[in-house]
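Structural features, examined
The lines below spell out each chain.
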Amino acid sequence: AERVDLFARCFALTTREHELLGHLVKGNDTKQIAGAMFLSEHTVQDHLKSVFAKTGTSRQTELVAMLLSRGHASRGLLWSPIGEERQAAALAGPGS
């Protein structure tokens with residue numbers, strides 16, 4: 001759970017996206033996630049697309065592999081959710 005929490009914070013996932021990620025890590029499929037979250041399967045797919053965009057992934061397996069293979073807070077390692085260009089633009093502020 002700590003790893004999922006850290007990952008969600010690093011990529012600025014919404015509460016629902018964070019919840020969805022927790023279900024994915026448990027191995028649940030879209031139908032199971034929809035039932036557990038009281039959503040339609042279509043809405044789950046929409047949340048997944050948003051998470052894919054935020055994390056630079058394109059498949060559920062890729063997303064879970066990224067989560068499980070990258071840094072962990074207790075080892076002082078963190079994911080890098082944005083590239084150098086986006087980070088520089090974010091630091092420069094609006095209108096730069």
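Heads up: these notes are all about the structure in this document. Note that residues are indexed from 1 along each chain, following the sequence as it is written. For this predicted model, a pLDDT threshold of at least 70 governs which residues receive local features, and a threshold of 80 or more governs which side-chain atom pairs are given and counted, while totals over whole chains, interfaces and linings are taken from all residues. No hydrogens and no water enter the side-chain calculation; it runs on all heavy atoms of the structure.

**Side note on the packing of aromatic side chains**
- In summary, the pairing rule links any two rings of Phe, Tyr or Trp, Trp by its six-membered ring, whose centres are within 6.5 Å, and it sorts them by plane angle into stacked for under 30 degrees, edge-to-face for over 60 and tilted for everything else. Using the criterion set out here, one finds 1 aromatic pair in the structure.
- Ring geometry for F7 and F11: centres 4.7 Å apart, planes at 45 degrees, overall tilted.
- In this scheme, a residue with accessible area under 20% of its type's maximum is buried, one over 50% is exposed, and one in between is partly exposed, where area comes from a 1.4 Å probe on protein chains only. Residue F7 is classed as buried on the basis of its relative accessible area of 0%.

**Quick look at the packing of helix 2 (residues 15-25) against helix 5 (residues 60-69)**
- Inter-axis angles, ranging from 0 to 180 degrees, are taken between N-to-C directions of lines fitted to C-alpha atoms, where helices are fitted over the stretch in contact. Secondary structure counts use DSSP, requiring at least four H or I residues in a row for a helix and at least two E residues in a row for a strand, with both numbered from the N terminus. Packing of helix 2 against helix 5 brings their axes to within 10 Å, and their N-to-C directions diverge by 90 degrees. The orientation of helix 2 relative to helix 5 falls into the category roughly perpendicular. Note on element contacts: helix 5 touches helix 2 through Q60, L63, V64 and L67, opposite L21, L24 and V25. An angle counts as roughly parallel when it lies under 35 degrees, as roughly antiparallel when it exceeds 145, as roughly perpendicular when it falls between 65 and 115, and as oblique in every other case. Note on contacts: a residue pair is in contact if any heavy atoms of the two residues lie within 4.5 Å.

**Side note on unusual backbone geometry**
- Unusually for a residue other than glycine, A12 sits at a positive phi of about 50 degrees.
- On the accessibility criterion, A12 (54% relative accessible area) is exposed.
- Positive phi, close to 55 degrees, is recorded for F38, a residue that is not glycine.
- Mapped onto the elements of the fold, F38 is located in the loop between helix 3 (30-37) and helix 4 (41-55).
- Taking relative accessible area as the criterion, F38 reaches 77% and is therefore assigned exposed.

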